[in-house]
Amino acid sequence: MNPSDAPQRSSIRVSLTVPFRSVEVADYLFRPEVLVYWLGKDSVLQPEPAALARLPHATVVGRGIEYSEPLSGKVSSLAWPAVEKDAAKESATGKGQTSSGARFELLVTLDPPFANRRIRFSLTPRSRQSTRISIVLSGLANCAEAHAGVKAWQSALNRIARLMARAEQVRRRERQAVIVVHGIGEQRPGQLLRQFVLNVFDRDGGELHHVKPDYVSTLFEMRMATVPRNEGTRPTTDVYELYWAHLIRDTTVAQVYGWIFRLATSPKDKIPRTLINWVWALRASIVAALLAFAWLMTQDLPGWLTGLGLGSLAALPALLALGLKALRDHFIVGYAGDAARYLEPRPENIARRQEIREAGMQLLDALHDKHRYSRIMVYGHSLGSVIAYDILSYAWAQRSRRHGAQSKTSSRALRALEDLLNPRAGAAAAVSADNVQPMQHAAWNEYRRNGFDWLVSDFVSAGSPLTHAQWLLNLDEKTQFAELVRDRSFPSCPPQTEAIKSPVPDEQRRAFTFTHAYVDEQNPAAKRSVQVPHHAGLFALTRWTNLYFPYSGLIDGDPIGGPLAHQFGTWVRDIRLDETKGFAHSRYTDRDLDPEAVLQVRAALHLPFQRPLAAYAPERLHPSVLE
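Before going into details, it helps to say that this report is about the structure given with it.

Rules and cut-offs
- Residues numbered from 1 in each chain as written.
- Predicted model: local features only at pLDDT ≥ 70, side-chain atom pairs only at ≥ 80, totals over all residues.
- Heavy atoms only, no water.
- Pairing = 2+ DSSP bridges.
- Helix = DSSP H or I, 4+ residues; strand = E, 2+ residues; numbered from the N terminus.
- Axes fitted to C-alpha atoms, helices over the stretch in contact; angles between N-to-C directions.
- Contact = heavy atoms within 4.5 Å.
- Buried < 20%, exposed > 50% of the residue type's maximum accessible area, 1.4 Å probe, protein only.
- Salt bridge = Lys/Arg side-chain N within 4 Å of Asp/Glu carboxyl O.
- Parallel < 35°, antiparallel > 145°, perpendicular 65-115°, else oblique.
- Phe/Tyr/Trp six-rings, centres within 6.5 Å; stacked < 30°, edge-to-face > 60°.
- Lys NZ or Arg CZ within 6 Å of the ring centre and 35° of its normal.

Regarding the sheet that holds strand 3 (residues 64-79)
Logical step 1: If you walk across this open sheet you meet the six strands as 1-6-5-4-3-2, and the pairing is antiparallel. The strands lining the two open edges of the sheet, one partner per strand, are strand 1 (11-18) and strand 2 (52-61). Each strand axis lies, on average, 25° off the axis of its neighbour in the sheet, ignoring direction.
Logical step 2: Inspection of the sheet shows strand 5 (residues 118-126) paired to strand 6 (residues 130-138) by nine bridges, in the antiparallel sense. Opposite Pro125, over in strand 6, you have Thr131 as the bridge partner.
Logical step 3: Sheet strands touched by helix 4 (residues 143-172): strand 1, strand 2, strand 3, strand 5 and strand 6. Its angle to strand 1, the strand with the most contacts, is close to 10°.

Some remarks on the sheet that holds strand 12 (residues 456-462)
Logical step 1: What the eight strands build is an open sheet, ordered 8-9-10-7-11-12-17-18; its pairing is mixed. A strand with exactly one partner marks an edge of an open sheet, and here the two such strands are strand 8 (210-213) and strand 18 (573-576). Here the average twist between neighbouring strands, direction ignored, is 20°.
Logical step 2: Here seven bridges tie strand 7 (residues 175-181) to strand 10 (residues 236-242), and the two strands are oriented parallel to one another.

Focus on unusual backbone geometry
Logical step 1: Cis peptide bonds are those with omega within 30 degrees of zero, and the linkage from Pro112 to Pro113 qualifies with 5°.
Logical step 2: For Pro113, the position within the fold is in the loop between strand 4 (104-110) and strand 5.
Logical step 3: Of note, the bond from Cys493 into Pro494 is cis; its omega dihedral lies within 30 degrees of zero at 15°.
Logical step 4: In this fold, Pro494 is placed in the loop between helix 15 (481-486) and strand 13 (498-501).
Logical step 5: Even without being a glycine, Ser382 presents a positive backbone phi close to 60°.
Logical step 6: Examined against the element boundaries, Ser382 turns out to sit in the loop between strand 11 (375-381) and helix 11 (383-399).
Logical step 7: Residue Ser382 is classed as buried on the basis of its relative accessible area of 2%.

Re the pairing of strand 3
Logical step 1: Inspection of the sheet shows strand 2 paired to strand 3 by nine bridges, in the antiparallel sense. Note on strand 3: the bridge partner recorded for Ala58 is Tyr67.
Logical step 2: Linking strand 2 back to strand 3 in an antiparallel pair, the connection comprises two residues, with Gly62 at a positive phi of about 65°.
Logical step 3: As defined by bridge partners, strand 3 adjoins strand 4 across six bridges and the pair is classed as antiparallel. Residue Val75 lies in a different strand from strand 4, and its bridge partner there is Val108.

Some words on the pattern of salt bridges
Logical step 1: Evaluated as defined, the whole model comprises 25 salt bridges.
Logical step 2: Among the salt bridges present, the one from Glu24 reaches Arg171, with a minimum N-O distance of 3.1 Å. Placement of Glu24 in helix 1 (residues 22-29) and of Arg171 in helix 4 is noted, with a sequence separation of 147 residues between them.
Logical step 3: Note on Glu24: relative accessible area 8%, which makes it buried.
Logical step 4: When its relative accessible area of 9% is taken as the criterion, Arg171 is described as buried.
Logical step 5: Arg576 serves as the salt-bridge partner of Glu579, at 3.5 Å between the closest nitrogen and oxygen.
Logical step 6: When its relative accessible area of 59% is taken as the criterion, Glu579 is described as exposed.
Logical step 7: In the salt-bridge network here, residues are joined through shared partners; they are Asp365, Asp369, Arg399 and Asp453.

Section: the packing of helix 2 (residues 32-39) against helix 4
Logical step 1: At a closest axis distance of 8 Å, the pairing of helix 2 and helix 4 adopts a crossing angle of 130°. Relative to helix 4, the element helix 2 lies oblique. In contact with Val34, Tyr37, Trp38 and Leu39 of helix 2, helix 4 contributes Trp153, Ala156, Arg159, Ile160, Arg162 and Leu163.

Quick notes on the packing of aromatic side chains
Logical step 1: According to the stated counting rule, one finds 23 aromatic pairs in the structure shown.
Logical step 2: The interplanar angle of 45° and the centroid separation of 5.4 Å between the aromatic rings of Phe481 and Phe490 together place this pair among those described as tilted.
Logical step 3: Classification of Phe481 as buried rests on a relative accessible area of 2%.
Logical step 4: One aromatic cluster in this structure is built from Tyr389, Phe459, Phe481, Phe490, Phe539, Trp544 and Phe568.
Logical step 5: In this structure, Arg353 packs its charged tip against the face of Tyr342, placed 5.7 Å from the ring centre.

Thoughts on the environment of Ala565
Logical step 1: Here Ala565 shows up in helix 16 (residues 565-568).
Logical step 2: Under the relative-accessibility criterion, Ala565 is labelled partly exposed at 24%.
Logical step 3: As for Ala565 and Thr467, which are separated by 98 residues in sequence, their C-alpha atoms are 8.5 Å apart.
Logical step 4: Apart from residues no more than four positions distant in its own chain, Ala565 is found in contact with Thr570, Val572 and Asp574.

Points about the pairing of strand 1
Logical step 1: Residues Ile12, Val14, Leu16 and Val18 line the buried face of strand 1, whereas the alternating positions Ser11, Arg13, Ser15 and Thr17 sit on a face that is not buried.
Logical step 2: Relative to strand 6, strand 1 is paired through eight bridges, and the arrangement is antiparallel. Following the sheet pairing, Leu16 is matched in strand 6 by Ile133.

Rendered as structure tokens:
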């Protein structure tokens, strides 16, 4: 606009187009820490009906303009769709929802002596997921006011432009990491890593990968893979493997047989329904052998026949060991031995379990401490899912309270999750995991914006023996798995709660959060507080998706894996894959044998990802953006 035209016009307009969706911009611009950057430290403006407003006041002084006391007023008109819910959906899916095309408008009417002056802020969606920001100042009396208004509000838009440009630049350079954890057997370093990358990422779709040295791992054998970013959907993705097979060695047949015997003699109600026939067959074989031995001992048989029978029974283990040595070394020790050593908390196994968990913790800590990644996903197959679950549990307990100073924190998304466990009268008591997961991701985003150092957004288990947790993970005969979950030794999804006093008289509230107080680094004399999940509250923020093939007959499907919601909580998203012929335990990341399973793994990882614009507060960007 030409200022000389101002006397003939009662308003001026300035505008700017930014490369973000309108729902994100609406949630971002009016956050206090962002507002003070583009409007000034004394400015106040919130998209709430009748909210008080304090806006810059510029006047012409000679050839320049001068800012005086801010103008006061209130929000007199508001067209503001529900930003928070829609933004959470978009950040969870990585795709624009219908609401991303919403138009936002806020009108401020100033107080006397400028009662005739109004300032309208509009956010209008444009093509290619961009937004037009417009500011209209009306009720101007003369050319000087118009000139000052143009200069002041164009300056504000210029600050927004610098902020958005820097945020877009940072977003384009973002990376995410995937940790894959292999299962039982004589795995070789890089075996699962290569299979995972070749199958989960689409080479035909242009998702080429590069294998590089793994500088994070202390094991020289290890490599990592980098999949370059896919414009607009997935950031650059680094895939690491947690290799642990070399840490379980020297397993004896006696250790394996002792573990199998304990499982076979478990109470009937602890044995998985899918395996009960196999357990009874094993029991019958043991009983038959004992009866045969007892019968021989009580019969009055010729000495040579008794000796032959006893000798045969005594030689039977040796004959079986000789004939089945390959099976013993490869399967009993090489496969079942891994499970026996890791799942059985006996003194001789503790050191091996500790070494594996330390290796996992070191990898997870290194990825956090690199400050290179926006988020981390963890994929565990078979016994690797149990190891990944343990590592995440310990890492959460140690890292979840680490945070940086924040001028403003929020617990709204976390409380919304907790509210699901406290349904109001007439509301549905159960919420599906499909509906909960976007809320968990919104709470994770909120936790990160609050300054907390927890990057793991997703845990994906495949073919997980955790489905048999009540059979496999008992501490002893008296302390059962369900009791360990209740006392928070094993994190559940949703987290275990406790009863606290409710704001409603004579009522109690189920809670998995508590108030965390800390010293404000920017103002050591002040104390700040925010709600955080307790030490077993990992799955308040981290989504858990579990994939399994249904088991039927003798060998069809996956007898090792199964659903987990019945063991760990209804917020676990169980995905039942299609029934299949043959043993399916190794098919989860095999595109040739089961392409649908691979697609489900890919979807469960939520690979498309963009941090919400709200994550890019001015102080978190490069200092040059504030110049």
